[in-house]
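# Structure at a glance
Read off the chains here:
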Amino acid sequence: MADNIKTIGVLTSGGDAPGMNAAIRAVVRQAIARGKKVKGIRRGYAGLLSGDIIDMNAHSVSDIIQKGGTILQTARCLEMLDPEYQEKAANMCKEHGIDGLVVIGGDGSFKGAQKISHFGINTIGLPGTIDLDIACTEYTIGFDTAVNTAMEAIDKVRDTSTSHERCSIIEVMGRGAGYIALWCGIANGAEDVLLPERYDFDEQKLVNHIIDGRKRGKQHHIIINAEGIGHSSSMAKRIEAATGVETRATILGHMQRGGSPTCKDRVYASTMGALAVDLLCEGKTNRVVGYKNGQFVDFDIDEALAMHKDVDEYQFAICNSLSNDYQH
């Protein structure tokens, strides 16, 4: 089966994530080590559809493992929802001699890989998203770097918030998934954490918490707000009006996507990239690489996309209990 794969293509799709370059590097060099040719597809599926495809060699990926973003660039491509364009993407692979394709991205990217595999291209997905929201895996490329970036920024905001005795609402990324907010809630010792999966929109509870803290002599109040809830600036105005406590909103935004990846993101992304090539060389297709129970594993894409992921209930509980500094 290994002889069936002559040329492996690699693309990054959707939102960029630190560690994607490490994964690209691993795909390229592992493929070359296995005697395969490699083609880089620029700008994700949009680049595949337009034929923006380049030859890659070992030198193409020199000195990129420490860089954030993706050297292949990325884009969102709504055309891939259309069966006509799905078939066109597969045909473009065939036209360029690509018989194995590694797709680095999130659930939406995996759906594109799933469709392309139906047209005869062997495909492997790598979980590349800072949101940690892919159900089949306990790790996604970029989350570790992004959550550390957010944590360090929140520490800095806390310093100035304490100096001015403010309430600070700090908005972190995560439209549908609150993992960055949850982890930072624990790591930064935030007083309140608002997650898309759990928030009840009871602002009065936040107001009461801030007033109670101020009565006990607290010099600051940190609220970590996930992007999926948003509206941090208007929330800050309402809370300041209700509490009389100066309240500021800080939206961390796309800084969480950038920066040099952590050691974990470099090592795990490299391992996943190499494993994707090994799976293709074994004749596997329509698979997603994941990390589960301390092992790098692979799942059927259909099975992976059908899984549901929720925040860890115990972590959410301790996030709340550990932020409580009441004296008994």
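Structure shown above.
Quick look at the structure, then.

Thresholds applied
The numbers attached to residues start from 1 for each chain and follow its sequence in the written order. With pLDDT at 70 or above as the cut-off, local features in this predicted model cover only qualifying residues; side-chain atom pairs require 80 or more to be listed or tallied, and sums for whole chains, interfaces and linings still use all residues. Hydrogens are left out, water is left out, and the side-chain values use all remaining heavy atoms of the structure. A pair of strands is labelled paired if DSSP reports no fewer than 2 bridges between them. Helix and strand definitions follow DSSP, with helices as H or I runs of at least four residues and strands as E runs of at least two, each counted in order from the N terminus. Lines fitted to C-alpha atoms define the axes, with helix axes restricted to the stretch in contact, and inter-axis angles between N-to-C directions lie between 0 and 180 degrees. Note on contacts: a residue pair qualifies if any of its non-hydrogen atoms lie within 4.5 Å across the two residues. Polar contact criterion, stated in full: a pair of N or O atoms within 3.5 Å, where within protein one must be able to donate a hydrogen and the other to accept it, and residues adjacent in sequence count only if both atoms are side-chain atoms. Note on terminology: a nonpolar core comprises buried Ala, Val, Leu, Ile, Met, Phe, Trp, Tyr and Cys residues joined through side-chain atoms within 4.5 Å. Categorising residues by exposure relies on relative accessible area from a 1.4 Å probe, with only protein chains included: less than 20% of the type maximum marks a residue as buried, more than 50% marks it as exposed, and the intermediate range marks it as partly exposed. Expected span, for any helix, means 1.5 Å times one less than how many residues it has. Here, the term disulfide refers to a pair of cysteine sulfur atoms separated by no more than 2.5 Å.

Either a parallel or an antiparallel arrangement is found when strands of a sheet pair, and the pairing is made through backbone hydrogen bonds. Strand order in the open sheet formed by seven strands is E3-E2-E1-E4-E5-E10-E11, and the pairing between neighbours is mixed. This sheet does not close on itself; its edge strands, each paired only once, are strand E3 (53–56) and strand E11 (295–300). The mean angle between the axes of side-by-side strands here comes to 25°, regardless of whether they run parallel or antiparallel. Here four bridges tie strand E1 (residues 7–12) to strand E2 (residues 37–41), and the two strands are oriented parallel to one another. From the neighbouring strand, Val10 faces E2, where its bridge partner is Gly40. Contacting E1, E2, E3, strand E4 (100–105) and strand E5 (122–127), helix H1 (residues 20–33) crosses the sheet at an angle of about 180° to E1.

A few words on the side chain of Gln256. Structurally, Gln256 is set in the loop between strand E9 (247–251) and helix H9 (263–281). A polar contact is formed between the side chain of Gln256 and the backbone oxygen of Gly253, at a distance of 2.8 Å. Other than its neighbours up to four places away in sequence, Gln256 contacts Ile130, Ala146, Thr149, Ala150, Glu171, Val172, Met173 and Ile180.

All right, on to the nonpolar core then. Core analysis: the largest hydrophobic core is formed by 60 residues, its most contacted members being Val102, Ile104, Leu126 and Ile180. No other element matches the eight residues that H9 contributes to this core. Setting aside residues up to four positions removed in sequence, Val102 forms contacts with Ile8, Gly9, Val10, Leu11, Val27, Ile124, Leu126, Ala276 and Leu280. Formed by 25 residues, the second largest nonpolar core is a distinct cluster that contains Met92, Phe110, Phe299 and Ala304.

So, about H1. The terminal C-alpha atoms of H1 lie 20 Å apart, and with 14 residues this matches the ideal 20 Å at 1.5 Å per residue to within 8%. Of the surrounding elements, those touching the buried residues of H1 are E1, E2, E3, E4, E5 and H9. Of the residues flanking the end of H1, it is Gly35, one or two places downstream, whose phi is positive at about 80°.

Looking now at the state of the cysteines. The full count for this structure, using the stated rule, is zero disulfides. Looking at the unpaired Cys77, the closest cysteine sulfur is the one in Cys93, lying at 13 Å. With no disulfide of its own, Cys281 lies 16 Å from the sulfur of Cys93, the closest cysteine sulfur.

To continue, consider the pairing of strand E6 (residues 167–172). Burial within E6 is extensive, with six of its six residues counted as buried. Bridge count for E6 against strand E8 (residues 221–226) is six bridges, and the pairing is parallel. By the bridge assignment, Ser168 is partnered in E8 with Ile222. Here E6 runs beside E9; their pairing, made up of five bridges, is parallel.

Another point: the sheet that holds E8. On the basis of which strands lie adjacent, the open sheet formed by four strands has the order E7-E8-E6-E9 and parallel pairing. Every interior strand has two partners, whereas the edge strands, strand E7 (192–194) and E9, have only one. The average undirected angle you get between the axes of adjacent strands in this sheet is 15°. Docked against the sheet, helix H8 (residues 232–243) engages E6, E7, E8 and E9, running at close to 170° with respect to E9.

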